[in-house]
Amino acid sequence: MQFKIALCQMLVSPIKENNISHARSLIRGAAEKGSKLVVLPEMWCCPYSMKTLRDHAEDIEAKSSPSISMLSEAAAYHKITIVGGSIPEKSGGKLFNTCCVLGPDGEIKAKHRKLHLFDMDLPGESFRESDTFAYGDGPTIVDTEVGKIGIGICHDIRFPELSILYRLRGAHLICFPGAFNMSTGELLWELMQRSRAVDNQLFVAACSPARDPDVNSDYMIWGHSSLVGPFGEIIATTGHEEDVVIGEIDYSILQTRRENLPLEKQKRGDIYQLIDHSSGK
Ligand SMILES: NC(=O)CCC(=O)C(=O)O
């Protein structure tokens, strides 16, 4: 299977309605260029600021989420698959950092709640996502019109076991909506995308919001959305400004790479193994 994927590195404003209509127009542009899969960034409907996230939370289960309604309409209108970045989701009195995957019929095919919340304490930059969000409770891998896709949200990329699990369950591609920061982004964002792709011999797509140096935010974003192939090759990438990164995915290359280097067969299951405690969502 061969298709175009678009990573919408959008500039997010403090006004939700504007973000929804802006995301809609980026999706339209990507679909008109032939993209069959469109990926949005982590927190595209509101700034990634722990001070204001709660005000923008939406109830996805009650079907009253303006962000997800727009994604559903867009997916159905253009007959594409959308990995809908993430939005703050309210559910049962808790707040989650949640990604919905929508199919070409506009239905939600999967919902991933961020598993690894981002708490960091560096000199001059500290951040505590776990003060605001509750933890997701399972991995998410979904069969779509454009292959089997594993989902992780940003900090989830740091935990290789999650990606290994997706590979074991047959993923062709892992999508990471993310918003890496200025302290760790330069050294680690691309490195980890390439590592997850190489470790597991699959495609990795990582989509960030654009950096807004003027916004008075408590979090400055690194940007650099990319598509990486199974040899760790960068297929398409960008800098930190708003951009829609379009790349070609050809899944036949996965089989070639896995035959060239049969890592699965070479693994020493007699010495180490991943134990899967999840129920298979
Ligand atoms: N939004 C996030 O999870 C940021 C993760 C990050 O920057 C990291 O270094 O990890």
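Scroll up a little and you will see the structure.
Residues numbered from 1 in each chain as written. Predicted model: local features only at pLDDT ≥ 70, side-chain atom pairs only at ≥ 80, totals over all residues. Heavy atoms only, no water.

Visitor: Give a description of the overall build of the protein chain that names residues and reports values.
Guide: Each helix and strand counted, the protein chain has 6 helices and 15 strands in total. Referenced to the eigenvectors of the C-alpha coordinate spread, the extents of the protein chain come out at roughly 50 × 45 × 35 Å. The buried share of the protein chain, reckoned over its 281 residues, is 54%. Restricting to contacts in the protein chain with at least 6 residues of sequence separation, those with at least 24 account for 69%. As displayed, the protein chain has an accessible area near 12,200 Å², and 51% of this comes from carbon and sulfur atoms. Averaging the positions of the 30 positive and the 37 negative side-chain charges in the protein chain gives two centres separated by 4 Å. (Helix = DSSP H or I, 4+ residues; strand = E, 2+ residues; numbered from the N terminus. Buried < 20%, exposed > 50% of the residue type's maximum accessible area, 1.4 Å probe, protein only. Contact = heavy atoms within 4.5 Å. Areas by Shrake-Rupley, 256 points an atom, 1.4 Å probe, with all protein chains shown as cover. Lys, Arg positive; Asp, Glu negative; His and termini not counted. Charge placed at Lys NZ, Arg CZ, Asp CG, Glu CD.)

Visitor: Can you lay out the packing of aromatic side chains for me, pointing to particular residues and giving the numbers?
Guide: Enumeration according to the criterion identifies 8 aromatic pairs in this entry. Between Y48 and F127 the ring centres are 5.4 Å apart and the planes differ by 40°, which places this aromatic pair in the tilted class. Linking Y48 in the loop between β2 (35-39) and α2 (66-78) with F127 in strand β8 (residues 125-128), this pair joins segments that are 79 residues apart in sequence. Take Y48: its relative accessible area is 4%, and that puts it in the buried class. A residue is classified by how much of its surface remains accessible, and F127, at 5% relative accessible area, is buried. With a centroid separation of 4.8 Å and 25° between ring planes, the pair formed by F180 and W189 is classed as stacked. (Phe/Tyr/Trp six-rings, centres within 6.5 Å; stacked < 30°, edge-to-face > 60°.)

Visitor: I'd like to hear about empty space enclosed by the protein, residue by residue, with values.
Guide: Where empty space is left in the structure can be found by rolling a water-sized probe over the atoms. Throughout the structure, instances matching the rule amount to 2 cavities of 30 Å³ or more. Here the second largest cavity defines a volume of roughly 40 Å³. Taken together, F118, C154, H155, R158, A179, F180, N181, T184 and Y219 make up the full set of residues lining the second largest cavity. Taken together, the residues that form the lining of the second largest cavity break down as 5 nonpolar, 3 polar and 1 charged. (1 Å grid on protein atoms, 1.4 Å probe; cavity = no way out; pocket = protein on both sides within 12 Å on 5 of 7 lines; lining within 4 Å. Points joined across faces, edges and corners; volume = space filled by probe spheres on them. Nonpolar A, V, L, I, M, F, W, Y, C, P; charged D, E, K, R; others polar.)

Visitor: Run through the sheet that holds strand β13 (residues 226-228), naming residues and quoting values.
Guide: Remark on secondary structure: sheet strands pair via backbone hydrogen bonds, oriented parallel or antiparallel. With mixed pairing, the 6 strands of this open sheet are ordered in space as β9-β10-β11-β12-β13-β14. Two strands in the sheet have a free side with no partner beyond their single neighbour: β9 (140-144) and β14 (234-237). For this sheet, the mean angle separating the axes of adjacent strands, direction not counted, is 20°. With 3 bridges joining them, strand β12 (residues 203-207) and β13 adopt antiparallel strand pairing. Residue A206 lies in a different strand from β13, and its bridge partner there is S226. Across the sheet, helix α4 (residues 185-200) lies against β11 (173-177), β12, β13 and β14, angled at about 155° from β12, the strand it touches most. (Pairing = 2+ DSSP bridges. Axes fitted to C-alpha atoms, helices over the stretch in contact; angles between N-to-C directions.)

Visitor: Describe in detail the environment of G93, supporting the description with residues and values.
Guide: Turning to its location among the elements, G93 is positioned in the loop between β4 (87-91) and β5 (94-102). Owing to a relative accessible area of 84%, G93 belongs among the exposed residues under this scheme. Placed 175 residues apart in sequence, G93 and R268 show a C-alpha to C-alpha distance of 44 Å.

Visitor: Could you give me a rundown of the nonpolar core, with the residues and numbers involved?
Guide: Proteins that are soluble and globular tend to have nonpolar side chains buried together. Counting 43 residues, the largest nonpolar core has I5, L37 and L173 as its most contacted members. No other element matches the 5 residues that β12 contributes to this core. Discounting chain neighbours no more than four positions away, the residues touching L37 are F3, K4, I5, A6, T81, V83, V146, I149 and L173. Counting 40 residues, the second-largest nonpolar core is a separate cluster that includes L26, M43, A57 and M120. (Core = buried A, V, L, I, M, F, W, Y, C linked by side-chain atoms within 4.5 Å.)

Visitor: Requested: an account of the pattern of salt bridges, with residues and values cited.
Guide: Scanning the model with the defined rule gives 15 salt bridges in all. Measuring nitrogen to oxygen at the nearest pair gives 3.3 Å for the salt bridge that ties E61 to R113. Remark: R113 occurs in strand β6 (residues 108-113) and E61 occurs in the loop between β2 and α2; sequence separation between them is 52 residues. Given a relative accessible area of 19%, R113 falls into the buried group. A salt bridge links R194 to E190; its shortest N-O distance comes to 4.0 Å. Remark: E190 and R194 occur in helix α4; sequence separation between them is 4 residues, near one turn of the helix. Each of E61, E89, K111 and R113 takes part in salt bridges that share partners, so that together they form one network. (Salt bridge = Lys/Arg side-chain N within 4 Å of Asp/Glu carboxyl O.)

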